[in-house]
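# Structure at a glance
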Amino acid sequence: MNRKVIQLLPSISYGDAVSNHTLTLANVLSELGYENEIYAMNIHPKIATKVHSIDKLKTDENDIIIFHMAIGSPLSKLVKDLPNTTKIMIYHNITPADYFLNIDSCTYGLCCQGRDELKMLKDTFTLALADSEFNRAELIELGYKNTQVLPLIVNFDDYNILPDKKIVNSYDDDFTNILFVGRIVPNKKHEDIIKSYYTYKKYINRKSRLFLIGSSSGMDRYVKYLRKLIYDFDLNDIYIPGHITFKELVAYYKIASVFLCMSEHEGFCVPLLESMYFKVPIIAYEAAAIPDTLGNSGIIVREKKFDIIAELINLVETNEDFRENVIKSQNNRLNYFNADRIKNTFKEIFKNLARE
Amino acid sequence: MSNNIIKIDYNNIDVEDIMRQIRENISKRNYSREDLDALEKEICITSDDEFDANAFASHIATNNTHWNIQMAGNISNNKRFIGPLIVLFKRAIRKLTYWYVKFLFTQQIEFNASVTNSINQIDRYIKYAKAENDYQNKYYSSKINNLMEEYLRLSKEISRVSEENYKLKELVIKLENDIYMLRSENTEKINHMKEELLVLSKEANKTSEENCRKLEDALNKLQQRDIPLLKKELEKYLRKHEHVDMDYTQFEHKFRGTREEIKRRQAGYLKYFLNKNKVLDIGCGRGEFLELLKESNIDAIGIDLNRENVKYCNEKGLSVVHADAIEYLSQCDNSSLGGVFMSQVAEHLRPNELISIIKLAKKKLQPGAYIIIETINPTALIVFAESYYMDPTHITLVHPLTLKFLIESEGFSNIETLFLSPVEEANRLPKPDQAGLDEIISKLNDLIYGYRDYSVIAKNT
């Protein structure tokens, strides 16, 4: 009789990396023959059937706990106090709170709280799994003892669907389409993407567009600031469609000429993998977990020199050989994130733990 | 390579070359240094130029008090002696330039008035617009709040409905399982019941057909007024149930011979049943032959109509039941018996009963199994003087040729007839010296003092 596995996380929705990873792990655990359940505080109605409310949590000490850590919440204390003998943390990283100063006091507070809780929890877990080496280094620095890297599991089969026709018909033309995918939050530095685009458009190619894809909920001030910037630069080919459907997401990757990431803080950055999958050349700023995820692929920029970034976009667009080589490097890197391989790694780690 | 502003880590790309291309391109284009420097400056998110309403109000107040410039101010000078002279001089200058300055002043005042007025109007408009905006804000805020509340309520409702839906789905799955289980259980039961019903209905049909046939026969006979036949049937029935009121076990003990003697006489039949199973001894009596079979490890069962005999045999550990031969044989499975042995029974049976037993035995015996029927030999006249009439339950005697014929006509093969239990030499006629007479005497002997018993032995095909 296998031990029961319980996954805990503060909020679960659909479309974000942590939620997707939680649901994927649930499937992997079922494949392994483990009875498993997910509990969360905030549950999006769309997945309410798969997740239980934390109020209903019932567990005995033999159950294995998997706790997803990405932000501060009352769950941290709850997990610390649970009597279970085997507890695993999956650390997705916590954004440094300062990014949210003057933008959203609530998120600012939760990020501060999260950092404090991360310190408090250092002796709670049997094993701490980090999405990237960058995340793992943080855990080790805080004094976590048993740590390992387990990249996020991304099921690329899910992306093999027909893209949204309207988007493809509207934008699949001779324009250069610059794409970034990620929540509109200050640590992702959308302003630097806008500045890069401004330079590229003004000095190199007027026939170009910028797509900033991602939810902006709770980030009104930041969005207002970005809009003002766009207004000041007098740019009219920037598209910020907010939360979109999966079909639309696939369509944006299909029409993209280049993926531009200026983010200064990422725990893993799933959109990099998505770009690799859709063969979109990546230009990314060297920060946080981004070099870990890219490995020896894509183009990494060490300084935000906008003329150089603009010229890089141009070179990728105009130099066919260069573009092919970048895409080839990304294809090789994508093999490393093969879902079955990572699932097997997880299975091995898990079997050993569950036996103890 | 690592000092480069860009990092590309694959063999077939030369970063230096890429950087060279980039630099060439940059130099070809008219990048504005100023523009790029401005871009590199961090723009502070909180640096919005906020509108200062208080400062604006104070400026307006100043405008309103100072727009009308006083052209003819008081000219004074407090210096002793020279003061009045300066005043006089200033007044003279003012008077002299008045015609020119007055025109400018008037224009300035007109302009001031117009600007102040415009600003006052703008101020009023802003205040009005702000009030309107505030009102609308308030209105839409309350609307948004209502919508938010409605949204939250609906979200909760959706959660609740999803949860219920989930529970219902689980319930449906459970019910489907239950139905499936019940259906398979019931199908099994129903099939079983169908089978039983089929057997019962077959039996019922058989019984009812039989009863009908019997009733029809009886009715036919009655209708045909075949009274003699009915009488005959009645007699037959009565005969079947007639009972001789005597202690037959004792009688057998006295006249049949000792068990050892019987066993010795019957030992010769054993070879026909070697390596067989389920041998049936019809009318097993005191179980002598059953005992012989048991000693040879041959599985056998005996039947007898005499309850005393059944009890006697059971006490001796022999498997014997109280049963009628025809009934018992009818119930046996076809081709199931390893042999049928019936010694000294045929003479107690009606001819039809004997025929029925032979017919049934043919059907129930395994192929290759033997039937042995031993009875009194009516071809020796002495049996009439001795055994036949000695036993009051004897009904008829069967001629060896008749029995052979009956057995043959049922399809048995390898039929042999053994004559047994000869009259002892001492009890026969003494032989005279003449051969002719001798022969006569011998024949007479055969006729009068011949074999007491005979048996017919046959093998099933």
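The paragraphs below set out a description of the structure included in this document. (Residues numbered from 1 in each chain as written. Chains lettered and ligands numbered in written order. Predicted model: local features only at pLDDT ≥ 70, side-chain atom pairs only at ≥ 80, totals over all residues. Heavy atoms only, no water.)

Turning to the nonpolar core, a few remarks are in order. Among soluble globular proteins, nonpolar side chains are generally buried collectively. Ranked by size, the top nonpolar core spans 134 residues in total, and within it Leu-8, Met-89, Ile-194, Phe-259, Phe-322 and Phe-350 of chain A together with Ile-6 of chain B carry the most contacts. If you tally residues by element for this core, the top one is helix α11 (residues 306–318) of chain A, at eight residues. In terms of nonpolar packing, the next biggest core, distinct from the first, is built from 33 residues, Ile-358, Ile-371, Ile-373 and Ala-458 of chain B among them. (Core = buried A, V, L, I, M, F, W, Y, C linked by side-chain atoms within 4.5 Å. Buried < 20%, exposed > 50% of the residue type's maximum accessible area, 1.4 Å probe, protein only. Helix = DSSP H or I, 4+ residues; strand = E, 2+ residues; numbered from the N terminus.)

Residue and element names in this part refer to chain A. The full count for this structure, using the stated rule, is 38 salt bridges over all chains. A salt bridge links Lys-195 to Asp-192; the shortest N-O distance between them is 3.9 Å. Of the two residues, Lys-195 and Asp-192 are both situated in helix α6 (residues 190–203); the distance of three residues between them amounts to about one turn of the helix. On the accessibility criterion, Lys-195 (3% relative accessible area) is buried. Lys-228 serves as the salt-bridge partner of Asp-232, at 3.5 Å between the closest nitrogen and oxygen. On the criterion of helical spacing, the pair formed by Asp-232 and Lys-228 is a turn pair, its members being four residues apart in helix α7 (residues 220–232). Its relative accessible area of 46% is what places Lys-228 among the partly exposed residues. In this structure, a network of salt bridges that share partners links the residues Asp-192, Lys-195, Glu-264 and Lys-304. (Salt bridge = Lys/Arg side-chain N within 4 Å of Asp/Glu carboxyl O.)

Let us look at the sheet that holds strand β6 (residues 127–130) of chain A. All names here are of chain A. Ordered by their spatial adjacency, seven strands build an open sheet running β3-β2-β1-β4-β5-β6-β7, and the pairing between neighbours is parallel. For this open sheet the edge positions go to β3 (52–53) and β7 (147–149), each flanked by a neighbour on one side alone. In the sheet, strand β5 (residues 86–91) pairs with β6 via four bridges, with the strands oriented parallel. Across the sheet, residue Ile-90 finds its bridge partner in β6, namely Leu-129. (Pairing = 2+ DSSP bridges.)

This part takes up the interface of chain A and chain B. Reports of interface size often rely on the accessible area that becomes lost once the parts have come together. Chain A puts 42 residues into the contact, and the matching count from chain B is 37 residues. Both sides together, the interface formed by chain A and chain B hides about 3,600 Å², and carbon and sulfur atoms give 59% of it. Applying the counting rule to chain A against chain B returns five salt bridges. Counting across the interface, chain A meets chain B through 15 residue pairs in polar contact (both at pLDDT 80 or more). Sorting the residues of the side of chain A that touches chain B by element identifies α6, α7, β13 (299–301), α11 and α12 (320–336) of chain A as the ones contributing at least two each. Take the side of chain A that touches chain B: its biggest share by element is eight residues, from α11 of chain A. Here the side of chain A that touches chain B is composed, by residue class, of 20 nonpolar, ten polar and twelve charged. Here two bridges tie β13 of chain A to strand β1 (residues 6–7) of chain B, and the two strands are oriented antiparallel to one another. Within the sheet, the bridge partner assigned to Ile-300 of chain A lies in β1 of chain B and is Lys-7 of chain B. (Contact = heavy atoms within 4.5 Å. Buried area = accessible area lost by both parts, 1.4 Å probe. Polar contact = N/O pair within 3.5 Å; in protein donor to acceptor, adjacent residues only side chain to side chain. Nonpolar A, V, L, I, M, F, W, Y, C, P; charged D, E, K, R; others polar.)

The next thing to look at is the pairing of strand β5 (residues 337–343) of chain B. All names here are of chain B. Within β5, seven of the seven residues are buried, which leaves the element mostly enclosed by the surrounding structure. Bridge count for strand β2 (residues 279–282) against β5 is four bridges, and the pairing is parallel. Each residue of the ladder has a partner; that of Val-279, found in β5, is Gly-339. Both β5 and strand β6 (residues 365–376) contribute to a ladder of six bridges, which runs parallel. By the bridge assignment for β6, Ser-343 is matched with Glu-374. Crossover β5 to β6 through helix α11 (residues 351–364) is right-handed. (Right-handed = clockwise from strand over helix to strand, strands pointing away.)

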